[in-house]
Amino acid sequence: MTTTTKTVLTEEEVQKAYEVLKPVVEHTPLQHSEYLSQKYNCQVYLKREDLQAVRSFKIRGAYYAISQTPEDARKRGVVCASAGNHAQGVAWTSAKMDIPSTIFMPTTTPQQKVDQVKFFGGKNATIKLTGDTFDEANAAANEFCEENNQTFIAPFNDLHTMAGQGTLAVEVFKDAEEKNLDVDYLFAAVGGGGLISGVSTHTKFVSPDTTVVGVEPSGASSMAKAFSLGHPVNLEKVDTFVDGAAVRKVGQLTYNTCQEYVDRLVQVPEGLDSKTILDVYSKMALVAEPAGALSIAALEVYKDQLAGKTVVCVVSGGNNDINRMQEIEEKSLIYQGLQHYFVVSFAQRAGALREFVNVVLNPDDDITKFEYTKKVNSSEGPVLVGVRLGDAGNLNSLLERLRDFDPDYINLQDNQALYRMMV
């Protein structure tokens, strides 16, 4: 009888990567958060990977993977596919090593990340915007590699990349030892699984009692899907809001390693993630991108289990496009039950809006959107109304009054196709 050994990342590879990266990347701080510690009745420490040169942990895996590529192959050029942060790591490394790089990015990548790749790569980096998702960009990048005999630097499903990401955990536990901390929980984001693979490998070697929690966005939980089926599989649909973790299918190597070392997976709604981004910005002046805030958002999901514990959250990145803040605020308000949109029929007569305000709305509600076009030869006309509640608990009473005003009103939260089209 033969047995099949699954390939997983090893502690030896993480330590080798650590020695290579030690003089290259920032040893980012393990920073105590008084605000989060009080909020969750525990001791919360943030691993600030947003303070790296490229403002994310991806510099680690990119540099180490390229450093392990034979010199003649490096000089021909390296290629990657990335929603942004891995691209910046590859571009930064190509400039530092003075080698050519070709970066494939989805067309949906925030402009801020595209601009940063150009900045870090300079003359060494060529950017190609291809496809609407990471997976489409990834397929194009691999095809380009074959046609041009260049080396693909995988964003997650590669042992060198995974080992490079794991070096941040080496720093975490060195700093924890200096601070005399026993880490009870370690939270880190999961996209393709490179970060959580590296982090969990080292964590379980040096601190096996630490609970390692992988945090996925609810709309792109490809590792949870793999866990449920026993192997990586394509998600039918991916919400790209958390662009740094919006991966349709995790890697086989990352899946194997996570199966071995990750204790739990948790999914965070995109609205909670948005609320967390705004919360840590306003309370702590911390700029976290959607993927970077996932680990902190998970504290809200786990709050009943954290009392008195010591918790580490990996803030994986801070490349947040300021132009996305309106979208982030909108998702946060909807998640909290404060922002709502309706299509309501109004009588086409003077005073109809005043009646709606006086009869339907609560005293502390506000109209945030009102779009109406008068219909000729019609007694009624549809109106798009945005309502921001003063108290989320008032929703049911508002809906009752709205139903009396227009029994056939449409709640756009119940119809996402209409919501995307009209809002």
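The following refers to the structure shown. These numbers come from a predicted model, not from an experiment.

### Overview of the nonpolar core
- Core analysis: the largest hydrophobic core is formed by 33 residues, its most contacted members being L46, F187, I296, L299, L306, V311 and C313.
- Among the elements of the structure, α2 (34-40), β2 (43-48), β7 (185-189), β8 (211-217), β9 (264-268), α12 (270-284), α13 (290-302) and β10 (310-315) are those that each provide at least two residues to this core.
- Top element by residues in this core is α13. It accounts for 8 residues.
- With residues near it in sequence (within four places) discarded, V311 still touches C42, Q43, V44, Y45, Y185, F187, L299 and L306.
- Counting residues in each nonpolar core, the second largest holds 30 residues, with Y18, V90, A91 and V170 among its members.

### Details of the packing of helix α1 (residues 11-21) against helix α8 (residues 159-178)
- For the pair α1 and α8, the least separation of the axes is 7 Å and the interaxial angle reads 80 degrees. In this view, α1 runs roughly perpendicular relative to α8, as classed from their interaxial angle. For the pair formed by α1 and α8, the contact residues are E13, V14, Q15, A17, Y18 and L21 on the first element and L159, H160, A163, G164, G166, T167, V170, E171 and K174 on the second.
- Considered class by class, the residues forming the contact of α1 with α8 number 7 nonpolar, 5 polar and 3 charged.

### Digging into the pairing of strand β3 (residues 78-81)
- The two faces of β3 match: V78 and C80 on one face and V79 and A81 on the other face are all buried.
- Two elements, β3 and strand β4 (residues 101-105), share 4 bridges in a ladder whose sense is parallel. The residue bridging V78 from the neighbouring strand is S101, located in β4.
- Crossover β3 to β4 through helix α5 (residues 85-97) is right-handed.
- Here β3 pairs with strand β6 (residues 151-152) via 2 bridges, running parallel. Looking across to β6, one finds that V79 is bridged to F152.

### Quick look at the layout of surface pockets
- If you add up the space inside the largest pocket, you get close to 860 Å³.
- As for the largest pocket, its lining consists of 27 residues, and the residues nearest its centre are K331, I334, Q416, Y419 and R420.
- Elements supplying a minimum of two residues to the lining of the largest pocket: α12, α14 (325-335), β11 (339-347), β12 (366-372) and α17 (416-422).
- The class makeup of the residues in the lining of the largest pocket is 9 nonpolar, 8 polar and 10 charged.
- Lining the second largest pocket are 41 residues; nearest its centre among them are A83, D243, G244, A245 and A246.
- Listed by contribution, the elements that provide at least two residues to the lining of the second largest pocket are α5, α7 (134-148) and α9 (194-206).

### Brief notes about the sheet that holds strand β1 (residues 30-33)
- The strand order across the open sheet formed by 6 strands is β1-β2-β10-β7-β8-β9, and the pairing between neighbours is mixed. What marks the edges here is a single partner per strand, and that holds for β1 and β9. Going across the sheet, the axis of each strand differs from the next one's by a mean of 25 degrees, ignoring polarity.
- In this sheet, β2 lies alongside β1 in antiparallel orientation, the contact comprising 4 bridges. Across the sheet, the residue bridging to Q31 is L46, located in β2.

### Things to note about unusual backbone geometry
- A positive phi angle, close to 55 degrees, is found at N41, a residue other than glycine.
- What makes N41 exposed here is its relative accessible area of 54%.
- Even without being a glycine, N149 presents a positive backbone phi close to 55 degrees.
- Counting through the fold element by element, N149 comes out in the loop between α7 and β6.

### Observations regarding empty space enclosed by the protein
- Applying the stated criterion across every chain yields a total of 1 cavity of 30 Å³ or more.
- Contributions of two or more residues to the lining of the largest cavity are made by α2, α12 and α13.
- At 4 residues, the largest contribution of residues to the lining of the largest cavity is made by α12.
- When the residues that make up the lining of the largest cavity are grouped by side-chain class, the tally is 5 nonpolar, 1 polar and 4 charged.

### Some points on the pattern of salt bridges
- For the structure on display, the rule yields 17 salt bridges.
- Note that K22 is salt-bridged to E19, the shortest N-O span being 3.5 Å.
- Taking the relative accessible area as the measure of exposure, E19 reaches 45% and is therefore partly exposed.
- Salt-bridge contacts for R324 lead to E327; the nearest nitrogen and oxygen are separated by 3.5 Å.
- With relative accessibility at 11%, the residue R324 sits in the buried group.
- Through salt bridges with shared partners, a single network forms among K113, D243, E289, R324 and E327.

### Digging into the side chain of S200
- Among the secondary structure elements, S200 is positioned in helix α9.
- A residue is classified by how much of its surface remains accessible, and S200, at 0% relative accessible area, is buried.
- Within the structure, the side chain of S200 is placed 2.7 Å from the backbone oxygen of I196, a separation counted as a polar contact.
- Side-chain polar atoms of S200 contact the backbone oxygen of S197, separated by 3.1 Å.

What counts, and where the lines are drawn
- Residues numbered from 1 in each chain as written.
- Predicted model: local features only at pLDDT ≥ 70, side-chain atom pairs only at ≥ 80, totals over all residues.
- Heavy atoms only, no water.
- Core = buried A, V, L, I, M, F, W, Y, C linked by side-chain atoms within 4.5 Å.
- Buried < 20%, exposed > 50% of the residue type's maximum accessible area, 1.4 Å probe, protein only.
- Helix = DSSP H or I, 4+ residues; strand = E, 2+ residues; numbered from the N terminus.
- Contact = heavy atoms within 4.5 Å.
- Axes fitted to C-alpha atoms, helices over the stretch in contact; angles between N-to-C directions.
- Parallel < 35°, antiparallel > 145°, perpendicular 65-115°, else oblique.
- Nonpolar A, V, L, I, M, F, W, Y, C, P; charged D, E, K, R; others polar.
- Pairing = 2+ DSSP bridges.
- Right-handed = clockwise from strand over helix to strand, strands pointing away.
- 1 Å grid on protein atoms, 1.4 Å probe; cavity = no way out; pocket = protein on both sides within 12 Å on 5 of 7 lines; lining within 4 Å.
- Points joined across faces, edges and corners; volume = space filled by probe spheres on them.
- Salt bridge = Lys/Arg side-chain N within 4 Å of Asp/Glu carboxyl O.
- Polar contact = N/O pair within 3.5 Å; in protein donor to acceptor, adjacent residues only side chain to side chain.

Interpretation in functional terms is not warranted from these geometric data alone.
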